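Letter by letter, the chains look like this.
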Amino acid sequence: MTFSKKTRNETIETLQNEALDVLIIGGGITGAGLAVQTAAAGMKTGILEMQDFGEGTSSRSTKLVHGGIRYLKNFDVEVVSDTVSERAVVQGIAPHIPKPDPMLLPIYNDEGPTTFDMFSVKVAMDLYDHLAGVKGTEYANYTISPEEVLRREPLIKKEGLQGAGVYLDYRNNDARLVIDNIKKAVEDGAAAVSKAKVTGFLYENQKIIGVKVRDLLTDNHFEVRAKLVINTSGPWVDKIRTLNLNRAVVPKMRPTKGVHLVVDAKKLPVPQPTYFDTGKNDKRMVFAIPRENKTYFGTTDTDYKGDYNHPTVNQEDVDYLLDVINFRYPDAHLTIDDIEASWAGLRPLLDGNSGSDYNGGDNGAISEKSFKDVVDIVTQFQNKTATKVEVENVLNHLESSLVEKNNAPSSVSRGSSLEQESDGLITLAGGKITDYRKMAQGAVKLIQNLLKTHYDLDFSLVDSKHYQISGGEFDATKVKETVAKNSQVGIAAGLSEKESEYIADFYGMNALKVFEYAKNMTAYPGLSLAESARLFYALEEEIVLSPADYLLRRTNHILFARESLDEIKMPVIEAMASYLGWDEKEKEENIESLNQVVSESDLVELKTKN
């Protein structure tokens, strides 16, 4: 499959000349997941993204597919049950991306409220394991002593440490999840174009029948017509809705900004993902996560009203996270100069309701009395002195301790909404990465019904719970075996064992395509054969159009391999210039653009002020 600059003009012609069944605005994880399902059903599908696929929000997460154990503090059982079951589905359809990585949850006897104590965390983890279906497996939870916590993480705060819980969680490559969904949709016939901005709607009898588009690469304008148009633009949902000037728009979204910082693992050795209270009595928790010889930590959660296209890390973000990390790891003594990379992203939160970050219901924090009642009844149930009916009775009569209008940003719903407005525009808003497939499933059922009702078109939907995305076409229970087998192909193509294993783990079954390129090409000047094959694959089959597309979102070079970035960035640009046909002006513009991206990630401006 070719999905590159070479095929982009042809794809735009297809969008201009064919009447689509479905046009999707927004190429983050929500739009990508929907495109997979509509294209697989045989619907003529188009998808437009004004930036790179996943660039706006879906490549800027905490890079976990986690199960929301903190909601068990509020005994929000339905949310956690839905989340962990959907996480298992995502792992099945994309087994090369989410990988199990047990989480350490240290427990402290701090002054002020804490999320868990050693008793309640065990109750919560047991319930979590039951909901996740991992009880009795190698991933079953357990608790460890303070001494064992310190053996694992010598720099972690000793004072007040009560021990820790360990439970199953999953690391994720968010940007890869987006592009592999997009690639699958394209394989099934979808027409996908990045760097194409929707600027307005087309109408017939006051109903939307398409969109006006500006090609941001050429500054050309074109139109796309479709029976149904669906808005999946994340934080930009309201901005797309307001392109229709014929009606008033009540805002749906309350975006918040999340920031993550990256340091060398030697500065902050964390052997496994760790999740802890901030110690600031702000009812927030922070992750510290090892990745590729680095440790990154986050996240912040603050209301955001700035430029949606360009959220940045500010001094307040850095101060907050460094305070938290240096409080929990007092011997680390991290400063801003230790930060090697960073990222800021917006969360597409729905406004107006509290609680669950999954289903949009009013599932706010419960009162301390209700929390105690639940702990007591669950303990009695485990000891067989209470019945299931008695447990359900307590869960059904929880007292909320929050008032909706006073929500902090971190408690705003992470739920989703799906509705069609009077002009015909369908909007799928909110949600988070873990439930992207489930959100898309709801939307594609609505689309199926509308196409049948209004156009007498019949489409049979695929079983999206088992429809594997690009690179994921293998037995999800045999990830290690598949990686080991595929890596041998890379070794035979001339790559080292380490390079082959990394590529096989990173790309899933698409690693075989990378290895095939390696076998039949000469390395680009200044790049290894492995890097050259990855770059050529990205250019040829992953619609890479700028250096940051490759160095930030198709790979993790800027975030997690900063030490080698300066050495390879010019060879990457030279290779891209040759492939994409850049003249000297275009090459200089791309160099400048990449340097700006790297400078922001490096926090050069903030470091200069300090």
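It should be noted that the structure appears before, not after, this text.
These remarks concern the structure in this document. Every value quoted in this text rests on a predicted model; they were computed, and no experiment measured them.

**Focus: the overall build of the chain**
- When helices and strands are tallied, the chain shows 20 helices and 19 strands.
- Here the chain holds 610 residues, and the buried ones make up 58% of them.
- Across the chain, every contact between residues at least 6 apart in sequence was considered, and the portion connecting residues at least 24 apart equals 73%.
- As displayed, the chain offers around 25,100 Å² of accessible surface, 49% of which is attributable to carbon and sulfur atoms.
- Measuring between centres, the 70 positive side-chain charges of the chain sit 2 Å from its 90 negative side-chain charges.

**Quick notes on the side chain of T45**
- Of note, T45 is situated in strand β2 (residues 45-49).
- Under the relative-accessibility criterion, T45 is labelled buried at 2%.
- Of note is the side chain of T45, whose polar atom sits 3.0 Å from the backbone oxygen of M43.
- With near-sequence residues (within four places) excluded, T45 lies in contact with L20, V22, I24, A35, T38, A39, G189, A190 and A191.

**A short note on the pairing of strand β1 (residues 20-25)**
- Burial of β1 is extensive: six of the six residues sit out of reach of the surface.
- Sheet topology places β1 next to strand β11 (residues 221-231); five bridges connect them, and they run parallel. When the bridges of β11 are listed, I25 appears paired with N231.
- Pairing of β1 with β2, which is carried by four bridges, proceeds in the parallel orientation. Bridge pairing links I24 to I47 in β2.

**Here we look at helix α16 (residues 547-554)**
- Within α16, eight of the eight residues are buried, which leaves the element mostly enclosed by the surrounding structure.
- Turning to α16, its buried residues are P547, A548, D549, Y550, L551, L552, R553 and R554.
- Contact partners of the buried residues in α16: α6 (174-187), α13 (497-507), α15 (529-541), α17 (557-560), α18 (562-580) and α19 (584-602).

**A look at the side chain of D301**
- The topology assignment puts D301 in the loop between β15 (294-298) and β16 (302-303).
- Side chain to side chain, D301 and T256 meet in a polar contact 2.7 Å long.
- Among the polar contacts listed, one links the side chain of D301 to the side chain of R347, at a separation of 2.8 Å.

**Overview of unusual backbone geometry**
- Backbone torsion omega between G298 and T299 reads 20°, so that peptide bond is classified as cis.
- Along the chain, the position of T299 falls in the loop between β15 and β16.
- The residue N205 is not glycine, and still its phi comes out positive at about 55°.
- Along the chain, the position of N205 falls in the loop between β9 (196-204) and β10 (207-215).
- A positive phi angle is found at K384, which is not glycine, with a value near 65°.
- As for its position among the elements, K384 is in the loop between α9 (368-382) and α10 (388-395).
- Relative accessible area serves as the criterion here: at 77%, K384 is assigned to the exposed category.

**Focus: the packing of helix α14 (residues 511-519) against α15**
- At a closest axis distance of 8 Å, the pairing of α14 and α15 adopts a crossing angle of 115°. For the element pair α14 and α15, the recorded crossing hand is right-handed. For the pair formed by α14 and α15, the contact residues are K513, V514, Y517 and A518 on the first element and L529, A533, R534, F536, Y537, E540 and E541 on the second.
- In terms of residue class, the contact of α14 with α15 is made up of seven nonpolar, no polar and four charged.

**Topic: the packing of aromatic side chains**
- Using the criterion set out here, one finds 16 aromatic pairs in the structure.
- Both rings, one in F276 and one in Y329, keep their centres 5.9 Å apart while their planes meet at 70°; by these two values the pair is edge-to-face. Note that F276 is positioned in strand β13 (residues 274-277) and Y329 in the loop between α8 (315-328) and β17 (341-347), a separation of 53 residues in sequence. Like F276, the residue Y329 is buried in the burial classification.

**Concerning the nonpolar core**
- Residues L105 and L535 are the most contacted members of the largest nonpolar core, which totals 68 residues.
- Top element by residues in this core is α18. It accounts for nine residues.
- Aside from chain neighbours lying at most four places away, what touches L535 is Y524, L527, Y550, V572, A575 and M576.
- The next biggest cluster of nonpolar side chains, apart from the first, holds 42 residues, and it includes A32, I47, A440 and I469.

**So, the pattern of salt bridges**
- Summed over all chains, the structure comprises 45 salt bridges.
- A salt bridge links D21 to K227, with the shortest nitrogen-to-oxygen separation between them at 3.2 Å. Linking D21 in strand β1 with K227 in strand β11, this pair joins segments that are 206 residues apart in sequence.
- Among the residues examined, D21 registers a relative accessible area of 5% and is labelled buried.
- In this structure, the salt-bridge partner of K513 is E541, at a minimum N-O distance of 3.6 Å. Here E541 lies in helix α15 and K513 lies in helix α14, a separation of 28 residues in the sequence.
- We classify E541 as buried; its relative accessible area is 5%.

Conventions adopted
Residues numbered from 1 in each chain as written. Predicted model: local features only at pLDDT ≥ 70, side-chain atom pairs only at ≥ 80, totals over all residues. Heavy atoms only, no water. Helix = DSSP H or I, 4+ residues; strand = E, 2+ residues; numbered from the N terminus. Buried < 20%, exposed > 50% of the residue type's maximum accessible area, 1.4 Å probe, protein only. Contact = heavy atoms within 4.5 Å. Areas by Shrake-Rupley, 256 points an atom, 1.4 Å probe, with all protein chains shown as cover. Lys, Arg positive; Asp, Glu negative; His and termini not counted. Charge placed at Lys NZ, Arg CZ, Asp CG, Glu CD. Polar contact = N/O pair within 3.5 Å; in protein donor to acceptor, adjacent residues only side chain to side chain. Pairing = 2+ DSSP bridges. Axes fitted to C-alpha atoms, helices over the stretch in contact; angles between N-to-C directions. Left-handed = near helix turned anticlockwise from the far one by under 90°. Nonpolar A, V, L, I, M, F, W, Y, C, P; charged D, E, K, R; others polar. Phe/Tyr/Trp six-rings, centres within 6.5 Å; stacked < 30°, edge-to-face > 60°. Core = buried A, V, L, I, M, F, W, Y, C linked by side-chain atoms within 4.5 Å. Salt bridge = Lys/Arg side-chain N within 4 Å of Asp/Glu carboxyl O.

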